[in-house]
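# Understanding the architecture of this molecule
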Amino acid sequence: GTDMACDAVRAGKAKVGVASCAASQNSKKRIENCFSYYGIRLIYIDCTTAELGAAFGKSEAACVAVTDRNLAELVTGKCERSGKDGWNLCYHHRS
């Protein structure tokens, strides 16, 4: 997840990133450095890496990059409604 997400960011395809609060500190640092450098919004949600991976058809993922504009808007909207009908957020990492 982390390598593919950073590849999408570097290729200019990522619209937003979603990361697990349970990701390791090393993964978080790599993810934050990459997303910040390229100015891509990164959102941490309160889930395990297994839960995040399962949502995207993988066994585990510390981070996913959303490359579809419409899906990115949906993800961002869910985060803005956090706690209501949205996701439980740990924090936003602003670039």
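Residues numbered from 1 in each chain as written. Predicted model: local features only at pLDDT ≥ 70, side-chain atom pairs only at ≥ 80, totals over all residues. Heavy atoms only, no water.

### Comments concerning the nonpolar core
A general feature of soluble globular proteins is that nonpolar side chains tend to end up buried together. Here is the rule: What is meant by a nonpolar core is a set of buried Ala, Val, Leu, Ile, Met, Phe, Trp, Tyr and Cys residues, joined one to another through side-chain atoms within 4.5 Å. Under the scheme applied here, a residue whose accessible area is under 20% of the maximum for its type counts as buried, over 50% as exposed, and between as partly exposed, the area being computed with a 1.4 Å probe on protein chains only. Helix and strand definitions here come from DSSP, where helices need a minimum of 4 consecutive H or I residues and strands a minimum of 2 consecutive E residues; each element is numbered from the N-terminal end.
Formed by 16 residues in total, the largest nonpolar core has its most connected members in Val 9, Ile 31, Phe 35, Leu 42 and Cys 63. It is helix H1 (residues 2-10) that contributes the most residues to this core, four residues altogether. Membership of the second largest hydrophobic core comes to 11 residues, among which are Val 18, Ile 43, Ile 45 and Val 75.

### Notes on the pairing of strand E1 (residues 16-20)
The criterion, for reference: Here a strand pair is declared whenever DSSP counts at least two bridges between the two strands. Looking down the strands as they point away from the viewer, one classifies a crossover as right-handed if the path from the first strand across the helix to the second runs clockwise.
Counting buried residues in E1 gives five out of five residues, a clear majority hidden from the surface. Residues Val 16, Val 18 and Ser 20 point to one face of E1 and Gly 17 and Ala 19 to the other, with burial holding for every one of them. Relative to strand E2 (residues 41-45), E1 runs parallel, the two sharing five bridges. From the neighbouring strand, Val 18 faces E2, where its bridge partner is Ile 43. Between the parallel elements E1 and E2, the chain passes through helix H2 (residues 25-37) in a crossover that is right-handed. Sheet analysis places E1 next to strand E3 (residues 63-66), joined by four bridges and oriented antiparallel. Note that in E3 the partner of Gly 17 across the bridge is Ala 65.

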